[in-house]
Amino acid sequence: MVDSPNTDQIYLQTRDSAWRVRAQRGWELTRTMLANPTTVIGLTIVVLLILMALSAPWITEPNTPDAYQMPRDWSAVRVPPGSPGHILGTTNRGGDVLYGVIWGARTSLKLSLMVVSLTVVIGVVIGSVAGFTGGRVDEVLMRIVDVFLSIPELIFALAIAAVLGPSFTNIILALVVVFWVKYARIMRSQIIRIKQSEYIDAARVIGDSKLRIYLRDILPNSFTPVMVQATLDMGNIVLVGATLSFIGLSEAGIAEWGVLVSEGQAGISAGRWWAPTFPGLMVFLWALAFNLVGDGLRDVFDPRTESAR
Amino acid sequence: MMSEGAEKNPSKSPAPVVASVADLQVHFQSKRGIVHAVDGVSFDIHDGETLGLVGETGCGKSVTARSFLRLVPKPPGIDAGGSILFRPRTTCDACEGRGCESCHQTGRVSAGCSACSGKGCSECVQSGEETLDLMQVSNSRMRSLRGDRIAMIFQDPGKALNPALTIGSQIAEVFYQHRSAEVLDAANVDVSGIDPGSLLLKRQAAQQSRTIERTLLKIPPLRSRRNQITAAVDDMVADALAETQIANPRKIMQRYPHELSGGMRQRVMIAQALACNPDLLIADEPTTALDVTVQARILELIHELQQRRQTAVLYISHDLSLVRRICDRVAVMYAGRIVEISDADQIFQDPRHPYTRGLLAALPSATQSRGKLAAIEGTVPELVDPTPSCRFSGRCPNEVETCARFDPHLQSVGDEHSVACFIYHEPPEGSGGRPTLAARSS
């Protein structure tokens, strides 16, 4: 009576437990991702950057009292790269560029992690409410999202940060306000899609409550695109954040790449290229690396875009 | 209002009625008007029988079936009227489930009416049995019926299982939802005491625990009892799976749906649907997505489990030859109406309605030589704001003027056989003649 006993046997022999199945699936996904060389490059850079950010207090002497403030060495102002004690040179106010680059990574990691986690939570909650409730609630929430999306990202963030006044916290706030909308959109469309799946009907048929269906069936099956977007945003946020800092919306003297570029840009015409170049390069690397990883993730989770590689 | 003939069930049939659909109307709001997807459908389902609901795509058979579980999305769906009366059943007191005279050897009797304790009142239509109108009951009551008293098997088992959960946890869900007392019992957990742990375990068995409670349950003395619950549920799941003759249920439980073949997935769906021994099983084309060899086995399995448990089955299909093989009675639907309902044998040997005749004639047979396939001419009518007329008019070979102006109702033409056609009963006054079976010469 058992259909195709041979295949059944094969299924049973090859795998043993749910845990192993899960591990196997994880390994398969990782392998698919690592098969793409650009993803590997991106991943390597990401790992290096994060390592650098995490080990900042050990590779450089932290500035006292606030390690996130640039140390000022007034005895060595505007020295070029290669000078003793200042491998990457100093800015026109005696700030060590290497210190800025390393602690800037830490600042960027802090910034992007905080903004991404906050925006994901806000976006997932609002998107879920909209998608799950539907009707008028959905309509109102999505029109609000449309309003937010209609204003260009950078200009919107700039406006909010400018209104709040120059500070690093305000940059975080401004970015959160700008970036949550995408998650709400993604989450809503995912939920509406999953809601129409037959297994949601099947879950209702066995008597599950709405909340339980949401937590067990809808949420786990709609989360991957959010994860991909979050990875891409890890890069974008640092890019926009650095722009805001460059314009001067961050506290002066903070070890942040945008601030460093802004501090050094006046010296470019005088040939002091190093102060803006190195931090600028870091912003570039950071944004590039996370975008490469994000694209790799998208290829793995959404096979439809795979051919576009 | 529609079909007096179908409602009166012959006294010959010993099995009690499990569900009774009366003048069910489900409409859909669309841009072009109101679509009458189900327009006055009436039929009864008796305990332990298989009723086939046959019709072409879009005739309203799935909507009818889904109405039993209130799965029709609203909006755009509109409950336009009618009722679905459902009589949940319990174990027979006299024989404790072994089967005796008073319960027709099924071991189960209708649950007593809670309002009049079996004496008969207006609430239970004087039957003394608990009768629920599935269109009216509260949402929480509906949830307690779903999966417990009424279950459903879906068309495509690949789509009806959550890809992110193991098979075991998906079947366990039914037990957690509807059998928490049995789960605790099987785990030998005494929850009658005032022990604070027992409350936690009770909530755990009903899958209601919150994060803090789940954390509490990880503390050693409670953990062992929690593990007992898990083990008990695992046993129940394995038993449910074993009943579907799946090989190695313990291992299948740990699989994910994508790792199983289509036939195995459908077995899992059946195990899940029959886990709580429902009174009514709705099978919405359960074998359409499977290939023919597996199809036969799945049908055998459903039939066998149904026989053993005396579950009534509402079997929805467009496959006539299949329906003939497995159904006791057959209702033929066309454009939101039932046009003919009868015993399966009778309907295949002596089809009355021109549509049923057309359907049967369109069945290609193995003995016939190759040639042009027979088909019913024309297309299904628009169901948007229909005028009073026979729905089959325009395609019917026996049509006369009357058919386009009056609406035939389902009326008895003999033993448990009802047809909605003017050929078999008198059209109303002032009509333009009566159709006959003699086919138009064309």
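Sequence order sets the numbering: in each chain, residues are counted from 1 along the sequence as written. Starting at A for chains and at 1 for ligands, labels are handed out in the order in which the entities are written. Local features in this predicted model are restricted to residues of pLDDT 70 or higher, and side-chain atom pairs are both shown and tallied only at a pLDDT of 80 or more, whereas totals for entire chains, interfaces and linings draw on every residue. To obtain the side-chain values, all non-hydrogen atoms of the structure were included, while hydrogens and water were left out.

### Considerations on the overall build of chain A
Each helix and strand counted, chain A has 13 helices and zero strands in total. Traced from its N-terminal end to its C-terminal end, chain A shows the element sequence α-α-α-α-α-α-α-α-α-α-α-α-α. Seen through its C-alpha atoms, chain A measures out along the principal axes to roughly 85 × 50 × 35 Å. Should any heavy atoms of two residues lie within 4.5 Å, those residues are considered in contact. Once local pairs closer than 6 in sequence are excluded, the contacts in chain A between residues at least 24 apart make up 71%. Here the open area of atoms and residues is found with the Shrake-Rupley method and a 1.4 Å probe, where only the protein chains shown may cover a residue. Surface summary for chain A: the accessible area is close to 14,800 Å², and the carbon and sulfur share equals 66%. Between the averaged position of the 25 positive side-chain charges in chain A and that of its 24 negative side-chain charges there is a distance of 3 Å. Each helix is a run of H or I in the DSSP string that is no shorter than four residues. Each strand is a run of E no shorter than two, and both are numbered from the N terminus. Neither His nor the chain ends contribute to the count of charged residues, in which Lys and Arg are positive and Asp and Glu negative. Every charge is mapped to an atom, namely NZ of Lys, CZ of Arg, CG of Asp or CD of Glu.

### Considering the sheet that holds strand 4 (residues 77-86) of chain B
Residue and element names in this part refer to chain B. For two strands to count as paired, DSSP must find a minimum of two bridges between them. Pairing is antiparallel in the open sheet, where four strands are placed in the order 2-1-4-7. Sheet topology places strand 2 (33-46) and strand 7 (132-133) at the edges, where each strand pairs with a single neighbour. Of the strand pairs in this sheet, strand 1 (residues 17-30) and strand 4 are connected by eight bridges, and their pairing is antiparallel. Bridge pairing in strand 4 links Val26 to Asp79. Only C-alpha atoms enter the line fits that serve as axes; for helices the fit covers just the stretch in contact. Angles between N-to-C directions range over 0 to 180 degrees. Docked against the sheet, helix 2 (residues 61-68) engages strand 1, strand 2 and strand 4, running at close to 120 degrees with respect to strand 1.

### Regarding the sheet that holds strand 8 (residues 150-153) of chain B
All names here are of chain B. What the eight strands build is an open sheet, ordered 8-9-10-3-11-12-14-13; its pairing is mixed. Looking along the sheet, the strands with just one partner apiece sit at the ends: strand 8 and strand 13 (411-414). Pairs of neighbouring strands in the sheet enclose a mean axial angle of 25 degrees, with direction left out of account. As defined by bridge partners, strand 3 (residues 50-54) adjoins strand 11 (residues 329-334) across four bridges and the pair is classed as parallel. Following the sheet pairing, Val54 is matched in strand 11 by Val332.

### Points about the interface of chain A and chain B
Facing the 28 residues of chain A at the interface are 48 residues of chain B. In total, about 3,500 Å² of surface goes out of reach between chain A and chain B, with carbon and sulfur atoms giving 52% of it. By definition here, a salt bridge exists when the distance from a side-chain nitrogen of Lys or Arg to a carboxyl oxygen of Asp or Glu is within 4 Å. Between A:Glu198 and B:Arg66 there is a salt bridge, with the nearest N and O atoms lying 3.9 Å from each other. In protein, a polar contact requires one atom able to donate a hydrogen and another able to accept it; more generally it is a pair of N or O atoms within 3.5 Å, and residues adjacent in sequence count only if both atoms are side-chain atoms. Taken together, the connections running from chain A to chain B amount to 13 residue pairs in polar contact (both at pLDDT 80 or more). Every element with two or more residues in the side of chain A that touches chain B is listed here: helix 1 (5-14), helix 2 (18-34), helix 9 (198-205) and helix 10 (210-222) of chain A. A total of six residues in the side of chain A that touches chain B trace back to one element, the largest contributor, which is helix 9 of chain A. Throughout, the accessible surface (probe 1.4 Å) given up by two parts as they are put together, summed over both, is called the buried area.

### What to know about the packing of aromatic side chains
Pairs were defined over the aromatic rings of Phe, Tyr and Trp, the Trp ring being its six-membered one, requiring ring centres within 6.5 Å. Orientation was assigned from the angle between planes: stacked under 30 degrees, edge-to-face over 60, tilted for the rest. If you walk through the whole model with that rule in mind, you get 13 aromatic pairs over all chains. Ring geometry for A:Trp286 versus A:Phe290: centroids 5.2 Å apart, planes at 40 degrees, classification tilted. With A:Trp286 and A:Phe290 both in helix 13 (residues 274-301), this residue pair falls four residues apart, about one helical turn. Considered together, A:Trp286 and A:Phe290 belong to a single accessibility category, that of buried residues. When the ring of B:Tyr334 is compared with that of B:Phe392, the centres are 5.1 Å apart and the planes differ by 80 degrees; the resulting orientation is edge-to-face. Taken together, the residues B:Tyr334 in strand 11 and B:Phe392 in the loop between helix 15 (354-361) and helix 16 (401-405) connect sequence positions 58 residues apart. Among the aromatic residues, those joined into a ring-pair cluster are A:Tyr68, A:Tyr99 and A:Trp103. Throughout this description, buried means an accessible area under 20% of the type-specific maximum (1.4 Å probe, protein chains only), exposed means over 50%, and partly exposed covers the range between.

### Some thoughts on the nonpolar core
In this structure, B:Phe43, B:Phe68, B:Leu241 and B:Ile282 are the most contacted members of the largest nonpolar core, which totals 119 residues. Looking at which element gives the most residues to this core, the answer is helix 9 (residues 220-243) of chain B, with nine residues. The nonpolar core is taken to be a set of buried Ala, Val, Leu, Ile, Met, Phe, Trp, Tyr and Cys residues, with the residues joined through side-chain atoms within 4.5 Å. Judged by nonpolar contacts, the second largest core, of 67 residues, contains A:Tyr99, A:Ala105, A:Tyr183 and A:Leu244.

### Observations concerning the side chain of A:Asp233
Counting through the fold element by element, A:Asp233 comes out in helix 11 (residues 224-247). Leaving out residues up to four positions away in the same chain, A:Asp233 has contacts with A:Val116, A:Phe179, A:Lys182 and A:Tyr183.

### What to know about the confidence of the model for chain A
Residues and elements named next belong to chain A. pLDDT is defined as a per-residue confidence score from the predictor, taking values between 0 and 100. Summarising the model, chain A shows a mean pLDDT of 86, and 91% of its residues fall at 70 or more. Per-element averaging of pLDDT across chain A places helix 1 at the bottom with 44 and helix 3 (residues 37-54) at the top with 94. Throughout residues 1-16 the model reports pLDDT below 50, and contacts reaching past four residues in sequence, or to other chains, amount to 36 contacts.

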